[in-house]
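Per-entry structural report
Below, each chain spelled out in residue letters.
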Amino acid sequence: MSELMAKDLDSIDALTLTQLQHTLINSPQMMPAQVAKEHGVSELDVVKAMSSEEACFLALTDKDELLASLPSWGNMTTIIAVSGSIFEFKGSFPEGKYAHGYYNLYTKGEGLHGHLLMDNIGHIALISRPFRGQESYSINFFGAQGEMVFKVYLGRDKQRVLIASQVEQFKALVLKALASKSGI
């Protein structure tokens, strides 16, 4: 098994951590939400149990820079899961600005709109884990209690190939997160 990143794992015991890691390794087709449901833990707990090759955490101080950059990345898929239902939006992540306590998403015409309470974001995870046998990358925003708020998956072209420029930007975020964690 690959070395784990130093992550805050206080919310789960050693036995649960071992079970999560076992499931992640032996059932690579399972998404973190499925693993969480199977083990009765939060999705954040599952992400924290992932190897350093699969997940790292971006510093919350970088969230505004990230939000400002996402609209330039191009078409992606934003996912919001609520009470077992999953909502997906395919398109560019909208531009936004802070007002009235929210980061307000603005789209000219049709598209994703909303109001993000960014003060309640507790973790931003950068995940690289295959999905249905294909390479996949996502930026996951967790609430202060460890609940999933929303995810942004990198886009694919018409042949279902990941958009190379987005992969490069994602990997740059990972390097930034790792450098921040190590004090570089």
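Reference entry: report on the structure contained in this document. Values in this document were obtained by computation on a predicted structure and should not be read as measured data.

1. A few points about the pattern of salt bridges
Under the defined criterion, the tally for this structure stands at five salt bridges. Taking the shortest distance from any N to any O, the salt bridge between E54 and R129 comes out at 2.7 Å. Placement of E54 in the loop between α3 (43–49) and β1 (55–58) and of R129 in the loop between β7 (121–128) and β8 (137–143) is noted, with a sequence separation of 75 residues between them. For D62, the salt bridge identified is with K176, shortest N-O distance 3.6 Å. Separated by 114 residues along the polypeptide, D62 in the loop between β1 and α4 (63–69) and K176 in helix α5 (residues 164–182) bring together distant segments of the chain. Assessed through its relative accessible area of 14%, D62 is described here as buried. Taken together, the salt bridges that share partners define one network made up of D62, E65 and K176.

2. Points about the sheet that holds strand β3 (residues 85–92)
Strand pairing within a sheet occurs via backbone hydrogen bonds; the two strands may be parallel or antiparallel. A sheet is described by the order of its strands in space; here six strands give the open sequence β1-β7-β8-β9-β2-β3, paired in antiparallel fashion. Where the open sheet ends on each side, the last strands, each with one partner, are β1 and β3. Strand-to-strand twist in this sheet, taken as the mean axis angle between neighbours without regard to direction, amounts to 20 degrees. Judged from the seven bridges that link them, β7 and β8 form a sheet pairing that is antiparallel. Opposite A125, over in β8, you have N140 as the bridge partner.

Scoring rules and cut-offs
- Residues numbered from 1 in each chain as written.
- Predicted model: local features only at pLDDT ≥ 70, side-chain atom pairs only at ≥ 80, totals over all residues.
- Heavy atoms only, no water.
- Salt bridge = Lys/Arg side-chain N within 4 Å of Asp/Glu carboxyl O.
- Helix = DSSP H or I, 4+ residues; strand = E, 2+ residues; numbered from the N terminus.
- Buried < 20%, exposed > 50% of the residue type's maximum accessible area, 1.4 Å probe, protein only.
- Pairing = 2+ DSSP bridges.
- Axes fitted to C-alpha atoms, helices over the stretch in contact; angles between N-to-C directions.

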